[in-house]
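Overview (structure and organization)
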Amino acid sequence: FSLMNKEVAEYINSLLAERERLLEERKDDYLDYGGIPELSFTLKQETDWELGIIYQAQKSMDYIIEEEN
């Protein structure tokens, strides 16, 4: 059972890392909406929020992986 937890946590971590990579690429996209400042601000705000959530989730997965070692 504990091996399964570790494997699931590692898999989730890999998904989170991929999403983080995509969001990091999107961080600069808000500049493309130069004509619509509200949209630029919202996109940046949502991206920063999601990156924060991903960071917290990765820490949780790291804790599970460490506990299983």
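I will try to describe carefully the structure that is included in this document. For clarity, every value in this text was computed on a predicted model and none was experimentally measured. (Residues numbered from 1 in each chain as written. Predicted model: local features only at pLDDT ≥ 70, side-chain atom pairs only at ≥ 80, totals over all residues. Heavy atoms only, no water.)

**Thoughts on the side chain of Thr-47**
Looking at the element boundaries, Thr-47 is found in helix α2 (residues 37-68). Overall, Thr-47 belongs to the buried group, its relative accessible area being 2%. Other than its neighbours up to four places away in sequence, Thr-47 contacts Leu-23, Arg-26 and Lys-27. (Helix = DSSP H or I, 4+ residues; strand = E, 2+ residues; numbered from the N terminus. Buried < 20%, exposed > 50% of the residue type's maximum accessible area, 1.4 Å probe, protein only. Contact = heavy atoms within 4.5 Å.)

**Examining α2**
Taking 1.5 Å of rise per residue, the 32 residues of α2 would be expected to cover 46 Å, and the 47 Å separating its terminal C-alpha atoms lies within 8% of that figure. Among all positions of α2, only Ser-40, Leu-43, Thr-47, Leu-51, Ile-54, Gln-58, Met-61 and Ile-65 are buried. (Expected span 1.5 Å × (residues − 1).)

**Observations regarding the nonpolar core**
Residues Ala-9, Leu-16, Leu-23, Leu-51, Ile-54, Met-61 and Ile-65 constitute the largest nonpolar core, which totals seven residues. When residues of this core are traced back to their parent elements, those giving at least two are α1 (2-26) and α2. Residue contacts for Ile-65: discarding those within four places in its chain leaves Lys-6, Ala-9, Glu-10 and Asn-13. (Core = buried A, V, L, I, M, F, W, Y, C linked by side-chain atoms within 4.5 Å.)

**Things to note about a nonpolar patch on the surface**
Side chains of Met-4, Val-8, Tyr-11, Ile-12 and Leu-15 sit close together on the surface and give an oily, nonpolar patch of about 470 Å² of accessible area. The residue Ile-12 is located in helix α1 in this model. (Patch = residues over 30% accessible without salt bridge, like charges linked within 9 Å, V, L, I, M, F, W, Y side chains within 5 Å. Areas by Shrake-Rupley, 256 points an atom, 1.4 Å probe, with all protein chains shown as cover. Salt bridge = Lys/Arg side-chain N within 4 Å of Asp/Glu carboxyl O.)

**Some words on the side chain of Asn-13**
Here Asn-13 is to be found in helix α1. In this structure the side chain of Asn-13 is engaged in a polar contact, spanning 2.8 Å, whose partner is the side chain of Asp-62. Ignoring sequence-local partners within four residues, the contact set of Asn-13 consists of Gln-58, Met-61, Asp-62 and Ile-65. (Polar contact = N/O pair within 3.5 Å; in protein donor to acceptor, adjacent residues only side chain to side chain.)

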